[in-house]
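Structural overview
What follows is each chain in one-letter form.
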Amino acid sequence: MDKIVIDGGRRLEGEICIAGAKNAALPAFAATILCPGKFLLTNVPNLKDVDTIIALLKEMGAVINKEGPNAVSVDTERLAHCEVSYDLVRTMRASCLVLGPLLARMGKSRISLPGGCAIGERPINLHLKGFQGMGANITLEEGYVNADAPDGLVGHKIYLDLVTVTGTENLMMAATGAKGTTILENAAREPEVVFLADMLNKMGADVHGAGTDKITINGGKPLKAVEMEIIPDRVETGTFMAAAAITAGQLKLVGCNPAHLEAVTMKLAEIGCKITEGSDWLEITGPARPKPVEIETNPYPSFPTDMQAQVMAVLSVADGTSVITESVFENRYMHVAEMRRMGANILLKGRNAFVHGVGSLSGAQVMATDLRASASLIVAGLAAKGKTHVRRVYHLDRGYERIEEKLRMVGANIERKPDRKRD
Ligand code: UD1
């Protein structure tokens, strides 16, 4: 396994191209299951998670080809298997996104139940409750969820007890194949949900209200394969914004969508960053020293949980004490112990983190525990004095395309090396 080594303390300056969003690409691949035909997805990021969903679709019988550096065709004319094994779900929880489309097209699916993960319990009970509301029989057996609807799904009014992103997406896809109207109340409003609704509508579905907390799907419309461009990754954009903020750097991020990042932009402005933006670019200049702020993560359009760790890295060197409240996941502070090894002064109390800013961080050996935690340790390493070794970078490769190359191009002293030590 590889590690990333950063010799910190360099100011970043230059331009970075933002990749397509992982969290939009995954449901887009899942949506190709809904009807037979040849789809073309463009602006697809080169990531481990994308490889995983491609492997999963191939296992089902889809024919998938690379049509260019970021274009992938998916032919779902013939699908034979409706099952997703434990090995795939274990590598990527979002594998459960195929459950809804499989139920809609084939009337059945079988998928291993995801276990806990590094950032919390993360059950899929709300997905399953929604499918049951649409008439599916759900049984659990040997760690697998069996879902079947031999007479097809029927539209239903579903209230989601918690705002769930993949839950909203899964149910929205299932509902396109249901007879009648489905209403999703308390739906997620994330840009990736809106993107998926746009794709479904382009395919011929009738989905209204995506981007609000009430989504209406008039099911049973004939669907066809389409070409779809994946929207820019707002978390990758935000991560580079944090990198500029912590190094007093100046970065222009192109091919992004600043409209999807308002909560992050406003917090970074409060921290002292200067930000200017156009429709598909933004430029950010970091302050000489960050100012402390209060942050609470919540579903979109609030501050995203996927940016909590990276901004905590910035606040670890702020001029005062910041308070962060993590309200989405119960255990998303795994990076704190590693940041402390770099000299950060962070106190955890339940869902709150009190981040007492220190004058500087120092390089250390640190271990990545999940995707965004890995990114936060890289951000911290960019500003730390000396060398930071971020180990177990397979998490990083799940969600960031060539991050070390992109950072090196703007002046970071960063490289990927084989890690010979045992985990
Ligand atoms: C998605 C994103 C992930 C992001 C998260 C929150 C994808 C592929 N992943 O994950 O990057 O961090 O949204 O913005 O888009 N919950 C339940 N029961 C359920 C479903 C969810 O209790 O059936 C809980 C979860 O444990 C969590 C909260 O609801 O506490 C929100 O989770 P959810 O929005 O579902 O996250 P994901 O869709 O898995």
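Below or above, wherever it landed, is the structure these notes cover. Predicted model, so just to flag it, every value in this text is computed and none were measured.

The next thing to look at is the sheet that holds strand β22 (residues 365-367). Neighbouring strands of a sheet are bound in pairs by backbone hydrogen bonds; such pairs are parallel or else antiparallel. On the basis of which strands lie adjacent, the open sheet formed by four strands has the order β22-β23-β1-β24 and mixed pairing. Where the open sheet ends on each side, the last strands, each with one partner, are β22 and β24 (413-418). Within the sheet, the average angular offset between the axes of one strand and its neighbour, ignoring direction, is 25 degrees. With four bridges joining them, strand β1 (residues 2-7) and strand β23 (residues 387-391) adopt antiparallel strand pairing. Its bridge partner being in β23, I6 is matched across the sheet by T388.

This part covers the packing of helix α5 (residues 125-133) against helix α6 (residues 165-176). As a packed pair, α5 and α6 sit with axes 9 Å apart at the nearest point and diverge in direction by 20 degrees. Our classification of the angle between α5 and α6 gives roughly parallel. For the pair α5 and α6, the crossing hand works out as right-handed. Facing α5, whose interface residues are L126, H127, G130 and F131, α6 presents T166, G167, N170, L171 and A174. Here the contact of α5 with α6 is composed, by residue class, of four nonpolar, five polar and no charged.

Approximately 240 Å³ is the volume attributed to the second largest pocket. Looking at the second largest pocket, it is lined by 19 residues, and the ones nearest its centre are P45, N46, L47, K48 and D51. Of all the secondary-structure elements, those providing two or more residues to the lining of the second largest pocket are α2 (48-60), β4 (63-68) and α14 (403-409). Per-element accounting of the lining of the second largest pocket gives the leading share, four residues, to α2.

Attention now goes to the packing of helix α1 (residues 22-31) against α2. Taken N-terminus to C-terminus, the directions of α1 and α2 make an angle of 5 degrees; their axes are 10 Å apart at the nearest point. As far as their axial angle goes, α2 and α1 are roughly parallel. Residues K22, A25, L26, F29 and A30 of α1 touch α2, and the partners they reach there are D49, V50, I53, I54 and L57.

Conventions adopted
Residues numbered from 1 in each chain as written. Predicted model: local features only at pLDDT ≥ 70, side-chain atom pairs only at ≥ 80, totals over all residues. Heavy atoms only, no water. Pairing = 2+ DSSP bridges. Helix = DSSP H or I, 4+ residues; strand = E, 2+ residues; numbered from the N terminus. Axes fitted to C-alpha atoms, helices over the stretch in contact; angles between N-to-C directions. Parallel < 35°, antiparallel > 145°, perpendicular 65-115°, else oblique. Left-handed = near helix turned anticlockwise from the far one by under 90°. Contact = heavy atoms within 4.5 Å. Nonpolar A, V, L, I, M, F, W, Y, C, P; charged D, E, K, R; others polar. 1 Å grid on protein atoms, 1.4 Å probe; cavity = no way out; pocket = protein on both sides within 12 Å on 5 of 7 lines; lining within 4 Å. Points joined across faces, edges and corners; volume = space filled by probe spheres on them.

Shape descriptors only; they carry no functional weight alone.
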